[in-house]
Amino acid sequence: MTSIPQYMTSKHRECDDYFTEAESAVAKENWSEATGKWQQFSDELALHLTQEEETLFPQFEQATGMTAGPTQVMRMEHQQMRALVQDLDNALNNKAKDEYLGLSETLMVMMQQHNMKEEMMLYPMMEQHLVNGEQLISSFEQS
Amino acid sequence: MNISGLSFNALPPIDLPFRYFLTAPLFVIFCGIYLLSYGDSLWLSRWTTGMLTLTHAFTLGFISMVMMGALLQLLPVIGGVGIKKPRFIATTCHMLHCVGTCSLLLAFNAPTLWWLYLAIFCLTLSFLIYIVALIQVLIKKLSQGDSVIGFRLAVFSLMVVVLLGLGLLSRNLDLTPFGLSKLTLLADKHFTNIHAVWGIAGWGSLLIIAVSFQVIPMFHVAPSFPTRIKKTMTWFVMLFLISYIFFPVWAMPLLFVVHAIFAFSLLSVLARRKRRIIDTTIRYWQFAAIALLLSNAIYFFPESWLMLTNDASIFHNLAHKKELILAAIIIFGYLVSVIQGMLLKILPFLSYTHLQQRCLMDFSAMQYIPNMHEFFTKRQASILFYLHCTSSVLLLAVILENQFYYFFAVLLIIEFLYLFFLSLKTVLLYFQVSNKISLSSKG
Ligand SMILES: [Fe+2]
Ligand SMILES: [Fe+2]
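Residues numbered from 1 in each chain as written. Chains lettered and ligands numbered in written order. Predicted model: local features only at pLDDT ≥ 70, side-chain atom pairs only at ≥ 80, totals over all residues. Heavy atoms only, no water.

Draft legend 1. Examining the coordination of the iron ion (ligand 2) more closely. Residues and elements named next belong to chain A. Surrounding the iron ion (ligand 2) are the protein donor atoms His 12 (NE2), His 48 (NE2), Glu 52 (OE), Glu 118 (OE) and Tyr 123 (OH), which sit 2.0 to 2.3 Å from the metal. Each donor residue of the iron ion (ligand 2) lies on one chain, and together they are spaced H-x35-H-x3-E-x65-E-x4-Y. The metal-metal distance between the iron ion (ligand 2) and the iron ion (ligand 1) comes to 3.2 Å, with Glu 52 coordinating both. One end of the pair, His 12, is in helix H1 (residues 4-27); the other, Glu 118, is in helix H4 (residues 97-129), with 106 residues separating them in the sequence. With respect to class, His 12 is no different from Glu 118; both count as buried. (Donors = N, O, S within 2.8 Å, 3.2 Å for Na, K, Ca; no water. Helix = DSSP H or I, 4+ residues; strand = E, 2+ residues; numbered from the N terminus. Buried < 20%, exposed > 50% of the residue type's maximum accessible area, 1.4 Å probe, protein only.)

Draft legend 2. Spotlight on the coordination of the iron ion (ligand 1). Residue and element names in this part refer to chain A. Within the first shell, the iron ion (ligand 1) binds the protein through Glu 52 (OE), His 78 (NE2), His 114 (NE2) and Glu 118 (OE), at distances of 1.9 to 2.2 Å. The site at the iron ion (ligand 1) holds 4 donor atoms, and with the angles between them running 84 to 171°, its shape is irregular. Sequence spacing among the residues donating to the iron ion (ligand 1) works out to E-x25-H-x35-H-x3-E. Residue His 78 is classed as buried on the basis of its relative accessible area of 0%. Of the residues examined, His 114 reaches a relative accessible area of 1% and is grouped as buried. (Tetrahedral: all angles 85-135°; square planar, octahedral: opposite > 155°, others 65-115°.)

Draft legend 3. Just the pattern of salt bridges, in detail. Taken as a whole and assessed by the stated rule, the structure comprises 15 salt bridges over all chains. Here Lys 117 of chain A makes a salt bridge to Glu 77 of chain A, at a shortest N to O gap of 2.8 Å. Remark: Glu 77 of chain A occurs in helix H3 (residues 70-93) and Lys 117 of chain A occurs in helix H4; sequence separation between them is 40 residues. By the burial criterion, Lys 117 of chain A is buried, and Glu 77 of chain A matches it. Here Asp 15 of chain B makes a salt bridge to Arg 87 of chain B, at a shortest N to O gap of 2.9 Å. Of this pair, Asp 15 of chain B sits in helix H1 (residues 15-38) while Arg 87 of chain B sits in helix H3 (residues 86-109); the two residues are 72 residues apart in sequence, bridging distant segments of the chain. The partly exposed category is assigned to Asp 15 of chain B, whose relative accessible area is 21%. On the accessibility criterion, Arg 87 of chain B (40% relative accessible area) is partly exposed. Because the salt bridges share partners, they merge into one network encompassing Glu 23 and Glu 105 of chain A together with Arg 275, Asp 279 and Lys 345 of chain B. (Salt bridge = Lys/Arg side-chain N within 4 Å of Asp/Glu carboxyl O.)

Draft legend 4. Representation of the packing of helix H13 (residues 322-358) of chain B against helix H16 (residues 405-442) of chain B within the structure. Residue and element names in this part refer to chain B. Across the interface, H13 lies against H16 with an axial gap of 9 Å and an inter-helix angle of 10°. Between H13 and H16, the angle falls in the class roughly parallel. The segment H13 lies against H16, with Phe 332, Val 336, Gln 340, Leu 343, Leu 344, Leu 347, Pro 348, Ser 351, His 354, Leu 355 and Arg 358 engaging Leu 412, Glu 415, Phe 416, Leu 419, Leu 422, Ser 423, Thr 426, Tyr 430, Val 433, Ser 434, Ile 437 and Ser 438. Tallied by class, the residues present in the contact of H13 with H16 amount to 14 nonpolar, 7 polar and 2 charged. (Axes fitted to C-alpha atoms, helices over the stretch in contact; angles between N-to-C directions. Parallel < 35°, antiparallel > 145°, perpendicular 65-115°, else oblique. Contact = heavy atoms within 4.5 Å. Nonpolar A, V, L, I, M, F, W, Y, C, P; charged D, E, K, R; others polar.)

Draft legend 5. Region of the structure containing the domain arrangement of chain B. Residues and elements named next belong to chain B. Along its sequence, chain B is organised into domain 1 (1-143), domain 2 (155-277) and domain 3 (287-442). Taken as a group, Ile 200, Ile 208 and Phe 256 account for 39% of the area that domain 2 buries against domain 3, more than any other trio of residues on that side. The interface formed by domain 2 and domain 3 contains 0 salt bridges. Where domain 2 meets domain 3, there are 2 residue pairs in polar contact (both at pLDDT 80 or more). Among the elements that line the side of domain 2 that touches domain 3, the one with the most residues is helix H9 (residues 248-271), at 11 residues. Residues belonging to the side of domain 2 that touches domain 3 are distributed by class as follows: 17 nonpolar, 4 polar and no charged. (Domains from an automatic or database assignment. Buried area = accessible area lost by both parts, 1.4 Å probe. Polar contact = N/O pair within 3.5 Å; in protein donor to acceptor, adjacent residues only side chain to side chain.)

Draft legend 6. A look at the nonpolar core. Ranked by internal contacts, the top residues of the largest apolar core, which has 190 residues, are Trp 38 and Phe 41 of chain A together with Trp 43, Phe 62, Tyr 334 and Phe 416 of chain B. For Phe 41 of chain A, the contacting residues outside a window of four places in its chain are Cys 15, Tyr 18, Phe 19, Val 85, Leu 107 and Met 111 of chain A. (Core = buried A, V, L, I, M, F, W, Y, C linked by side-chain atoms within 4.5 Å.)

Draft legend 7. Looking closely at unusual backbone geometry. Backbone geometry places Glu 29 of chain A, a non-glycine residue, at a positive phi of 55°. Relative to the helices and strands, Glu 29 of chain A is located in the loop between H1 and helix H2 (31-64). On the basis of relative accessible area, Glu 29 of chain A is assigned to the partly exposed category, the value being 47%. Even without glycine at this site, Val 221 of chain B takes up a positive phi of about 45°. Considering the arrangement of structural elements, one finds Val 221 of chain B in the loop between helix H7 (189-220) and helix H8 (227-246). Assessed through its relative accessible area of 8%, Val 221 of chain B is described here as buried.

Next up, the structure:
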């Protein structure tokens, strides 16, 4: 059985890997490789954000009664990340290398800062407050 | 874990860290001008007025200044909460810190006591307010990371450094009315050494070590530092710092060794990073690690071997100037390098996030936001790095051959003017875009 922090953290790492591979490919102007990796990254990220917003955050809010606190900030940051992903999509389609690298640097720093708050605070708190954590994760694993 | 009070609402107003980052290079620039006017006699020993001025302009004016500004931003991310009343605290502390540092530098050089009083007053108050504000955050057990421990130890070291610094300054005052005779306070070299070692290896290095455990794996998609290192390194540094008070002779080599271990693991983690894109901040970290290893090599190299050579040139000089060389490599090659590298990341990132948050209500304004490379380019970042490499080499040259001071001072001024220019450019672009966003949301 996997715990919430373990599983969700491993997904962050998986996203990081695709992200870096896409970035290196763009730096080498290997556009087909870049598009493939980028697609994998944005699919993984979209799934991950949805799992948080639609399952984990509501459960956490219910369990703790904190609706306006940390999860709200996390949701806003997800919106910011989605906006950047959109910009990166465009840059990739236009094969605009410098634009892409500038944006990817930005997304990287933003995403890492966000992940750190989740990994160090939010996920451990979820594990503490959600009794059905492992069930939730096994439902994620099957999807 | 205590979850009440956890807000994540992270960012303190951006002009607060900007203030710290913009004033920091100015101290080094003035320092360069001072070097030019002082002449080559400054470099004769650790104890010249000039050398005291130089080290404090760097450590208080640049290193502590940037670290205090960066902590405002880092605490919410690492600890989950920021300091209370950030605007009041940062504004007051920043002003007092600037005035206090300037007065201290003047007090070293001018015989009047007034500068000394002013320095003691301002620095005591600014550090007191800042440390109390930090402690209120750091005593909460919010975070899971090992970094928080390092932060706590670093802040503890800062307290020790400040107290010792005040004690050392008070030797110049007549405290007999308070029942303290000058003799009891007439500390010897050892207290000055403790002040310096705790400042460099405690406040400076502990904070850098703690931050590196977090940011290196994050920003460069590198593996984590080995758990054993993350859990024990900062404690070992603290243990050896405390031992240094009582047994300086055997604690010093241990402090060097523990930093060599840090340098090796830093290099190894960086070498295994997945993000291979060229990044000047990485080169700054590597440069800093190499500086630490070099300082170790020089520290452990037997002095008698240097004296064996007959010709009395560079080797004798090296043995003679060992203390200064080590201080230069550690302060300028290690601490200042890491801080510049971090600034290159923090400045554009802070600007970007703040701008982006202003667009949350008005997504159409997102188009105005520059990406991180538009604040300054990769090329500009690497120019700063090469300037820093060159001035590091010149610093060593000037310690060995004092007459080179002119070149070093000029290069130092150029390097930090350039850093100032990059910071200013970022800040100006930030405000320009910020205005555009305001206009667009009104229109
Ligand atoms: Fe998230
Ligand atoms: Fe997440």
